[in-house]
Amino acid sequence: TPNAQAVKPTGYSERAGVLELGGGGGGGAAGDMERMFMDRLNKAQGELMRAKDVKEAQVLHSVSIAAFDLTGGSTLTVTYPPEIQFSDAEKEHLASFCFPEGAHLHTEDWSYVFWRDRAGKFLYGTGFYQPQHDERHKRGAMQRSMLVLSECPYFAMFDSLMRLGMHHFWETDMDEHVLEDIFVNVNRVFRDGIQMHNSTVDLWGNQLPIHVTPYSNDTYSGASLLTLVQWLRKKTLYVWYALLLRQRLLFSGTTEGARSVSICCISAPLLILPLFGFATCIFPYVPITNVEPLSLQTYIAGITNPLFEDPSTRFLLFSQESSCSSQCDCGNLTQIVHRMV
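Residues numbered from 1 in each chain as written. Predicted model: local features only at pLDDT ≥ 70, side-chain atom pairs only at ≥ 80, totals over all residues. Heavy atoms only, no water.

A. Seen up close, the overall build of the protein. For the protein, the count of helices and strands is nine helices and 14 strands. Every one of the 341 residues in the protein was classed for burial, and the buried ones make up 54%. Sequence-distant contacts, at least 24 apart, represent 65% of the contacts inside the protein between residues at least 6 apart. In the form shown here, the protein has an accessible surface area of approximately 15,800 Å², with 53% of it arising from carbon and sulfur atoms. (Helix = DSSP H or I, 4+ residues; strand = E, 2+ residues; numbered from the N terminus. Buried < 20%, exposed > 50% of the residue type's maximum accessible area, 1.4 Å probe, protein only. Contact = heavy atoms within 4.5 Å. Areas by Shrake-Rupley, 256 points an atom, 1.4 Å probe, with all protein chains shown as cover.)

B. Examining the nonpolar core more closely. The biggest cluster of nonpolar side chains holds 36 residues, and the ones touching the most others in it are V239, L243, F251 and I300. Within the residue set of this core, elements represented by two or more residues are β5 (109-116), α6 (225-232), α7 (236-244), β11 (248-252), α8 (258-267), β12 (282-283) and β13 (299-303). At five residues, the largest contribution of residues to this core is made by α8. V78, M142, V178 and L203 belong to the second largest nonpolar core, which has 32 residues in total. (Core = buried A, V, L, I, M, F, W, Y, C linked by side-chain atoms within 4.5 Å.)

C. Up close: α8. Within α8, ten of the ten residues are buried, which leaves it mostly tucked inside the rest of the structure. Buried within α8 are the following residues: A258, R259, S260, V261, S262, I263, C264, C265, I266 and S267.

D. Examining the packing of α6 against α8 more closely. Orientation of α6 relative to α8, taken along the N-to-C sense of each, is 115°, at an axis distance of 9 Å. For the pair α6 and α8, the crossing hand works out as left-handed. Facing T227, L228 and W231 of α6, the residues of α8 in contact are S260, I263, C264 and S267. Looking at the contact of α6 with α8 residue by residue, the class counts come to four nonpolar, three polar and no charged. (Axes fitted to C-alpha atoms, helices over the stretch in contact; angles between N-to-C directions. Left-handed = near helix turned anticlockwise from the far one by under 90°. Nonpolar A, V, L, I, M, F, W, Y, C, P; charged D, E, K, R; others polar.)

E. Geometry of the pairing of β11. For β11, the buried fraction is high: five of the five residues fall into the buried class. Side chains R248, L250 and S252 project from β11 onto one buried face, and the interleaved L249 and F251 project onto a second face that is buried too. Relative to β13, β11 is paired through five bridges, and the arrangement is parallel. Paired with L249 across the strands is I300, a residue of β13. (Pairing = 2+ DSSP bridges.)

F. Quick peek at the packing of aromatic side chains. For the structure shown, the criterion picks out 16 aromatic pairs. With a centroid separation of 6.1 Å and 65° between ring planes, the pair formed by F86 and W115 is classed as edge-to-face. With F86 in the loop between β4 (73-80) and α3 (88-96) and W115 in strand β5, the pair connects residues that are 29 residues apart, well separated along the chain. With respect to burial, F86 and W115 carry one shared label: buried. One residue, R246, lies across the ring of F278, its end atom 4.7 Å from the ring centre. Between the NZ or CZ atom of R259 and the centre of the ring of W110, over which it lies, the distance is 5.0 Å. (Phe/Tyr/Trp six-rings, centres within 6.5 Å; stacked < 30°, edge-to-face > 60°. Lys NZ or Arg CZ within 6 Å of the ring centre and 35° of its normal.)

G. Up close: the pattern of salt bridges. In this structure the tally under the stated criterion is four salt bridges. With its nearest N and O atoms 3.5 Å apart, the salt bridge here joins E151 to K121. Here K121 lies in the loop between β5 and β6 (122-129) and E151 lies in the loop between β8 (141-150) and α4 (159-171), a separation of 30 residues in the sequence. Of the charged contacts in the structure, one is a salt bridge between R259 and D159, with a shortest N-O distance of 2.7 Å. Of the two residues, R259 is situated in helix α8 and D159 in helix α4; the sequence distance between them amounts to 100 residues. (Salt bridge = Lys/Arg side-chain N within 4 Å of Asp/Glu carboxyl O.)

H. Layout of the side chain of Q143. Here Q143 lies in strand β8. On the basis of relative accessibility, which here comes to 6%, the residue Q143 falls in the buried class. A distance of 2.5 Å separates polar atoms of two side chains, one belonging to Q143 and the other to Y129. (Polar contact = N/O pair within 3.5 Å; in protein donor to acceptor, adjacent residues only side chain to side chain.)

I. Here's a closer look at the environment of L208. Along the polypeptide, L208 turns up in strand β10 (residues 206-211). It is 7.0 Å that separates the C-alpha atoms of L208 and L161, two residues lying 47 residues apart in sequence. Once residues lying within four places of it in the same chain are set aside, the contact partners of L208 are S160, L161, L164, S199, T200, V201 and L203.

J. Expanded view of the state of the cysteines. Taken as a whole and assessed by the stated rule, the structure comprises zero disulfides. Here C264 is not cross-linked by a disulfide; its sulfur's nearest cysteine counterpart is in C265, at 6.9 Å. A residue is classified by how much of its surface remains accessible, and C265, at 0% relative accessible area, is buried. (Disulfide = S-S within 2.5 Å.)

In structure tokens, the structure reads:
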């Protein structure tokens, strides 16, 4: 089994929470090639996401605020619309995606979520962590995150919207009406119809652009084949090989944050298009409190906890979830780890 223990990728920096690749980034021949590829892909799949389909979908399922406390743990504290009632277990489960391990070391971080609710509806989530520094609190900050759940995988589309939303949340002394404003205004834009996949949403006097990327068959807003290849370089072939054989694929980003591994997870399937079929086994961020997905025979997953990088610890975590005997080696059979540091 290939074992991709990569060194930290060179040539990128982080500004305002958005990864920017150096050395030309998305420019030059490589950038033109990716744009050409994605343009052709979007044209081919554009018919699969007709304007009618978008208007019929409830683009925003819900908007929530999650809180974290060192003694009490994490949970969703408020959700809009109020008719969305999560159980206590669901609140804790969803909140665990909002505070990635090591997030307190960053000014902000993002995580992506693929989640099926009790009714069996498949939802896509974006968690945005942005603490409010206050020395009166533990770790010197109030730990809060925003979670947006959607029926459509519009991960990148929510970037500026959620950053502005959290800023307004803190500026208004944690006014919960911020969630209602986001939910109502974004869904209104989609109900009214989006021309040529572009529109704007008005929030608190700010006009935020909305760019809708056609999606189908393991293609997601925010995914970038160029970014994945520039990070992994030669190791990209290991990922391609693992995808074709439907092996386990684990991305580790212990210092770069959950956004890096989330992007890797949603970008990896682009390597083998037009083959597809990974939507139900993509876990862009796996919290230490719920490692059950890593007991599956096939997955594309991301982690930020260094415990997973230790083979002995990883075995104990897997065997605990899958009830394996002490002789079982399922935790290491087809594991491919790409370390982002």
